[in-house]
Each structure stands twice: as structure tokens, then as C-alpha cells.
Amino acid sequence: MSAHNGHLPGIRKDFISDYDGLAGQWWDPRGALAPLGWIARARADYVPAARHDGALLLDIACGGGLFGPHAVAKGYRAVGADLSELSLREARRHGYAETVRADAAGLPFGDASFDVVTAGQCLEHVPDPFAVVAEACRVLRPGGTLVVDTIADTRAARFVSVTLAENVPIPGHPPRGTHDHRLFVNRERLVRAARLHGVELRLHGLRPRLRDMARYAAGRLEAVRIVRTKSTSVLYLGAGTKK
Ligand SMILES: C[S@@+](CC[C@H](N)C(=O)[O-])C[C@H]1O[C@@H](n2cnc3c(N)ncnc32)[C@H](O)[C@@H]1O
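## Considering the environment of Val79
Part 1 of the argument: Following the sequence through the fold, Val79 ends up in strand β2 (residues 77-82).
Part 2 of the argument: For Val79 and Gly95, which are 16 residues apart along the polypeptide, the C-alpha to C-alpha distance reads 9.1 Å.
Part 3 of the argument: Sequence-distant contacts of Val79, defined by excluding residues within four places in its chain, comprise Leu56, Leu57, Leu58, Asp59, Tyr96, Glu98, Phe109 and Phe114.

## Observations concerning the pattern of salt bridges
Part 1 of the argument: By the definition in use, this model includes 10 salt bridges.
Part 2 of the argument: Across the pair Asp111 and Arg138 runs a salt bridge whose closest N-O atoms are separated by 2.8 Å. Within this pair, whereas Asp111 is found in the loop between β3 (96-101) and β4 (114-120), its partner Arg138 is found in helix α5 (residues 129-139), the two being separated by 27 residues in sequence.
Part 3 of the argument: The exposure class assigned to Asp111 is exposed, which follows from its relative accessible area of 56%.
Part 4 of the argument: Among the residues examined, Arg138 registers a relative accessible area of 25% and is labelled partly exposed.

## A look at helix α4 (residues 85-92)
The periodicity of an α-helix, 3.6 residues per turn, causes residues three or four positions apart to be oriented the same way.
Part 1 of the argument: Within α4 the residues assigned to the buried category are Ser87, Leu88, Glu90 and Ala91. An end-on view of α4 places all buried positions within 155° of arc, on one side of the element.
Part 2 of the argument: In this fold, the buried residues of α4 make contact with α1 (15-21), β2 and β3.

## Looking at the nonpolar core
Part 1 of the argument: Grouped together as the largest cluster of nonpolar side chains are 37 residues, with contacts concentrated most on Val47, Leu57 and Phe67.
Part 2 of the argument: Sorting the residues of this core by element identifies α1, α2 (34-44), α4 and β8 (235-241) as the ones contributing at least two each.
Part 3 of the argument: It is α2 that provides the largest number of residues to this core, a total of 6 residues.
Part 4 of the argument: Beyond its immediate chain neighbours, meaning those up to four positions away, Leu57 contacts Val47, Phe67, Ala71, Tyr76, Arg77, Ala78, Val79, Phe114, Val116 and Thr118.
Part 5 of the argument: Counting residues in hydrophobic clusters, the runner-up holds 32 residues, among them Ile60, Val126, Leu146 and Ala193.

## Structural notes on the side chain of His94
Part 1 of the argument: Considering the arrangement of structural elements, one finds His94 in the loop between α4 and β3.
Part 2 of the argument: In terms of polar contacts, His94 uses its side chain to reach the side chain of Trp27, at 3.2 Å.
Part 3 of the argument: Residues in contact with His94, not counting those within four places in the same chain, are Trp27, Gly64, Gly65, Gly68 and Pro69.

## Points about the layout of surface pockets
Part 1 of the argument: In this structure, the second largest pocket encloses a volume near 280 Å³.
Part 2 of the argument: As for the second largest pocket, its lining consists of 15 residues, and the residues nearest its centre are Trp27, Ala34, Gly37, Trp38 and Leu66.
Part 3 of the argument: At the level of elements, α2 and α3 (68-73) are the ones that each hand at least two residues to the lining of the second largest pocket.
Part 4 of the argument: Ranked by the residues each element gives to the lining of the second largest pocket, the list is headed by α2, at 4 residues.
Part 5 of the argument: A per-class count over the lining of the second largest pocket returns 10 nonpolar, 2 polar and 3 charged.

## Looking at the sheet that holds strand β6 (residues 202-208)
Part 1 of the argument: Ordered by their spatial adjacency, 8 strands build an open sheet running β3-β2-β1-β4-β5-β8-β6-β7, and the pairing between neighbours is mixed. Of all the strands in the sheet, just β3 and β7 (226-229) have a single pairing partner and so form its edges. Taken pair by pair, the neighbouring strands of this sheet meet at an average axis angle of 25°, ignoring direction.
Part 2 of the argument: Looking at chain direction, strand β5 (residues 140-151) and β8 are connected through 7 bridges and run antiparallel.

## Some remarks on empty space enclosed by the protein
Part 1 of the argument: Under the criterion given, the structure shown has 1 cavity of 30 Å³ or more.
Part 2 of the argument: In this model, the largest cavity occupies a volume close to 80 Å³.
Part 3 of the argument: If you go around the largest cavity, you meet 13 residues; those closest to its centre are Pro48, Arg51, Tyr76, Asp115 and Arg141.
Part 4 of the argument: Here the lining of the largest cavity is composed, by residue class, of 6 nonpolar, 4 polar and 3 charged.

## A closer look at the pairing of β5
Part 1 of the argument: Of all the 12 residues making up β5, 9 are buried; the element is thus mostly covered by neighbouring parts of the structure.
Part 2 of the argument: Relative to β5, β4 runs parallel, the two sharing 6 bridges. By the bridge assignment, Gly120 is partnered in β5 with Asp149.
Part 3 of the argument: As a crossover connection, the stretch from β4 through α5 into β5 is right-handed.

Thresholds, definitions, all that
Residues numbered from 1 in each chain as written. Predicted model: local features only at pLDDT ≥ 70, side-chain atom pairs only at ≥ 80, totals over all residues. Heavy atoms only, no water. Helix = DSSP H or I, 4+ residues; strand = E, 2+ residues; numbered from the N terminus. Contact = heavy atoms within 4.5 Å. Salt bridge = Lys/Arg side-chain N within 4 Å of Asp/Glu carboxyl O. Buried < 20%, exposed > 50% of the residue type's maximum accessible area, 1.4 Å probe, protein only. Arc of directions from axis to C-beta. Core = buried A, V, L, I, M, F, W, Y, C linked by side-chain atoms within 4.5 Å. Polar contact = N/O pair within 3.5 Å; in protein donor to acceptor, adjacent residues only side chain to side chain. 1 Å grid on protein atoms, 1.4 Å probe; cavity = no way out; pocket = protein on both sides within 12 Å on 5 of 7 lines; lining within 4 Å. Points joined across faces, edges and corners; volume = space filled by probe spheres on them. Nonpolar A, V, L, I, M, F, W, Y, C, P; charged D, E, K, R; others polar. Pairing = 2+ DSSP bridges. Axes fitted to C-alpha atoms, helices over the stretch in contact; angles between N-to-C directions. Right-handed = clockwise from strand over helix to strand, strands pointing away.

Purely spatial values, then, with no claim about function.
Next up, the structure:
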């Protein structure tokens, strides 16, 4: 098994098989992947509207394409890359002009090809998140926008994203084993990696709106709003422009 799907010494997860297996749930508002749809909506706030016809957005590890409708609404021609073929099939049905089966750490695109690059909830599933950041910066054109969101390598994140999220049986909770906390991403290192490749990232904390969570759990709300929070110690997003 290749190293690009989470096989590091001591880490036995095969995330790509997991996401192939979950592919039927990408667009289920009460399924295991529902929170990714909430986060995709929040991510859209950090992506500027397209400045010209045919502006290109690359969505790295696009999964089932939850960000596709947001990219299209902002005026982009969206390209999705992922290793899960079954997820890419879903993405093609949700606004992506093109999808490519590719490893996030070795993208089949030339330098400076895209106006915007997004990588949502991807870095915490790969063995070398900083190699993915380097690739994201490489394919981004100068003046373009990079938006990445992931989970911090903190005890708080381990408790919230693994202990709580994977064990409290409310709709939208991910299956056990979805996350391996050892892959959670160090914030300072992420900022340094992007800076090394020409992008100064500004970090923002995100969290679900608690009142929405309660209403969603009770079946009275279809989706939970993800709002900004001061702390970047659990879910966080980095956005920046390439020099
Ligand atoms: C948590 S999902 C996020 C999907 C999407 N970005 C979203 O926010 O809805 C993680 C995705 O990363 C993909 N993935 C994991 N490792 C990858 C790699 N090395 N290269 C490309 N995609 C990868 C999985 O197949 C899965 O679709």
C-alpha cells in the first residue's frame, strides 16, 4: 500500500478506502459526512469572487464535491482532485468542471495554474501535510488565494474531534476511526510551510454554533452554522495571498 493514504509507521488507517466506503453519504444532510458540508459553507466566506471569466479554482482532496456549488456560485470553473474514485464520481455531479484522481502531495498541474486553491479537511488525513501545502502554493498563481482548513494538533482537538465527535451518537457524527490525532496539524508549522512557498497565511478559529447543534440533533434544523471563534486550537482555517 502506498504512503499517500495514511500509512505511516504506527498509523494503520487507509483513509481512501474509508471515503470510498462513505461515498454514498457525501450529500446526506444527516449522514456521517454532514459536518463537512457545514464547513464547506464557512470556507466559502474566505474565497473571493472570481475576477474574470474562466477563473480557475482547484479543490485539493475535494471528496464528494461539497465545495463545488460554493466555487461555482463565486464564479469559478472548479477542478477537483482526490484519490477516492467513488467520491470523485459524486463531485462530478456537483459542479466540478473537471475531476482528477491525484495525490494531494503530487498534483498533475503546472506551476501557477490556478487563481484559488482550497484544501478543506484534507491535511489531517495525509502523512506529510506540509508537502501538500507546498504543492498547493506551487500550483497557485501569484496574487491568487490559498484557503486551507484542518484540525490542530492539540489535546482539545483530540477530545472534541475524536473522543466526542466519534462517540456521541447524534446525526452527522463521523464513524469511529475517522481521525487519527497523530496526523492533526501543527499551526505554526503550517504557517511556516506556506510562508516558505510564498503565502502568508492568517489563521482563524472555527466552531459549530452550539444552539444550531442542539436543534440539529433534535431534528429541527437541516444544517449547523460554522462560526468564527478566537481559538484556533480545534478547527481552524488559514487564508492568504501568494506573493
Ligand atoms: C475529510 S474529507 C474532505 C473532503 C472535502 N475536502 C470536504 O471538505 O468535503 C478528506 C478527503 O481527502 C481525500 N484524501 C485523503 N488523502 C488524500 C491524498 N493523499 N490525496 C488526495 N486526496 C486525499 C479523501 O479521499 C477524502 O475525500
